[in-house]
Amino acid sequence: VSSKGELIAVGSELLRGSHRDTNGDWLSEQLEALGFSLGVRSAVEDDPERIAALARRALDRAPFVLVVGGLGPTEDDRTREGLALALDLPLERDPEQLRRLESWFRRRARPFLPEQARQAERPRGAEWIDNPLGTAPGIALELGKSELFALPGVPAEMRAMFSSFVAPRIAARGNRSLARRILRVAGRTELSVDRQLSDLYGLPGVAVTVLSGHEGIEIHLLVEGFRAEDADDRVAEADRLISERLGRDLYGRGEETLAQVVGSLLSRGDRTLATAESCTAGLLAGAVTEVAGSSRWFRGGLVVYSDDLKRELAGVDARTLQRHGAVSEQVAGQLASGARERCGADLGIGITGVAGPGGGTSEKPVGLVHLALADRYEIRHGRMLFAGNREMIRRRTVAAALDLVRRHLLEFAEKGEEQ
Ligand code: ATP
Ligand code: MG
């Protein structure tokens with residue numbers, strides 16, 4: 001038996017893409033706070049056979065199983081039947097629960113339709129979970145090595161019942177804690193990070209997952225099944241080993257963004273930035289200014305999509321444009337120094353590239369991007385060949401430009417310390 005629970009969301013609407021299983025999202029978070037996680041999460045249509053098949057498999061391997069939805073009084077609410085089928089137990093009508101339902105309706109002066117009595121049925125031996133907000137009671141069952149909880153689908157009812165009844169039961173399974181951390185990496189591919197860290201995947205008790213994120217690669221560390229202090233220590237130790245190995249490629253942790261990191265480096269060094277963007281047309285300036293306080297380090301930017309504006313606004317040389325084309329190292333460099341000089345900043349960034357889908361040639365294919373960073377002394381270049389569609393190419397270009405600034409500032413800070 002795994003230590004992870006399972007969640008089955010019941011409702012045909014959940015399979016149509018129109019309704020998201022937000023109950024499952026909420027429950028995952030709640031479980032995490034209790035130190036538990038899910039091994040499997042599924043959605044199933046309102047069909048007793050399918051519900052039964054999933055529930056049977058889940059109960060075979062998981063210490064606790066949550067079933068959410070399908071406890072209403074209507075014909076298409078099939079969870080009760082599905083569970084009875086899975087457990088091979090008869091559905092029994094509980095007279096006590098029937099009286100409670102009838103009085104619920106009497107108090108509200110609503111007619112009690114015979115179908116409503118379905119909500120007083122439970123598999124033999126089950127316990128009721130009281131619903132303080134509605135008519136659908138939940139069902140709890142102890143089954144040797146696992147526990148089963150069925151809750152209604154209406155989010156407010158489900159939440160109230162989980163918190164008052166299910167959470168304490170699950171918490172009673174052990175004093176556990178779950179610790180996790182995200183490490184963020186720029187300028188690397190998923191596979192190269194994966195290979196560099198592969199021997200650390202065996203760290204005892206730490207699950208390491210590498211995935212591609214918005215701005216680069218994310219490394220997710222997860223420790224579960226330990227007491228709180230131990231879990232935190234293990235995450236911290238894994239962080240130490242991994243960050244030592246990644247060095248400067250690691251740019252942040254948690255929800256930190258490249259623009260935030262660049263902002264704090266600029267701010268710390270008391271330096272300012274300006275941009276001249278062609279293919280990203282302001283996306284970089286937008287990202288930089290998403291960070292609160294950016295007026296301290298961002299001077300402004302030029303959006304120079306056309307060649308004549310590259311000349312007039314950013315001061316790009318007409319002959320350079322003609323000889324090398326707009327997408328070239330030379331033009332990127334002149335955009336960077338133009339931005340720096342014309343906007344009066346310490347650092348200038350120039351971006352020019354082919355975002356596609358049209359406009360690519362064999363020499364300058366879609367995804368080719370030239371970046372440049374100019375400061376008082378020098379111009380640094382970056383030539384990228386990004387994969388993906390137009391949106392991805394533009395997004396990756398912004399990340400690469402921010403990373404270029406970040407690395408430059410880190411080197412600069414280091415040199416400053418040496419002197
Ligand atoms: P109950 O068990 O309370 O009767 P149900 O699933 O039988 O719930 P429905 O009428 O199908 O009853 O759904 C009730 C409401 O709960 C609907 O608005 C539905 O969209 C919502 N709901 C059901 N399941 C989920 C879920 N997994 N995540 C978010 N909302 C859900
Ligand atoms: Mg439903």
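About the thresholds
- Residues numbered from 1 in each chain as written.
- Chains lettered and ligands numbered in written order.
- Predicted model: local features only at pLDDT ≥ 70, side-chain atom pairs only at ≥ 80, totals over all residues.
- Heavy atoms only, no water.
- Helix = DSSP H or I, 4+ residues; strand = E, 2+ residues; numbered from the N terminus.
- Buried < 20%, exposed > 50% of the residue type's maximum accessible area, 1.4 Å probe, protein only.
- Pairing = 2+ DSSP bridges.
- Right-handed = clockwise from strand over helix to strand, strands pointing away.
- Contact = heavy atoms within 4.5 Å.

**Considerations on unusual backbone geometry**
Next up, step 1: Of note, the bond from Gly356 into Pro357 is cis; its omega dihedral lies within 30 degrees of zero at 5 degrees.
Next up, step 2: Counting through the fold element by element, Pro357 comes out in the loop between strand S15 (347-353) and strand S16 (368-374).
Next up, step 3: In this model, Ala109 sits at a positive phi of 55 degrees, which is unusual for a non-glycine residue.
Next up, step 4: In this model, Asp270 sits at a positive phi of 55 degrees, which is unusual for a non-glycine residue.
Next up, step 5: Relative to the helices and strands, Asp270 resides in the loop between helix H8 (258-269) and strand S13 (273-277).

**Here we look at the pairing of S13**
Next up, step 1: Across the 5 residues of S13, 5 count as buried, placing the element largely inside the fold.
Next up, step 2: Residue alternation in S13 divides its side chains into two sets, Leu273, Thr275 and Glu277 and Ala274 and Ala276, and both sets are buried.
Next up, step 3: Sheet analysis places S13 next to strand S14 (residues 298-303), joined by 5 bridges and oriented parallel. Paired with Ala276 across the bridge in S14 is Leu302.
Next up, step 4: Considered for its hand, the β-α-β crossover made up of S13, helix H9 (residues 283-288) and S14 is right-handed.

**Concerning the side chain of Asn131**
Next up, step 1: By the secondary structure assignment, Asn131 is in the loop between strand S6 (127-129) and strand S7 (138-143).
Next up, step 2: For Asn131, a relative accessible area of 8% translates into the label buried.
Next up, step 3: Among all residues touching Asn131, those that are not within four sequence positions of it are Ala136, Pro137, Pro152, Glu157 and Met161.

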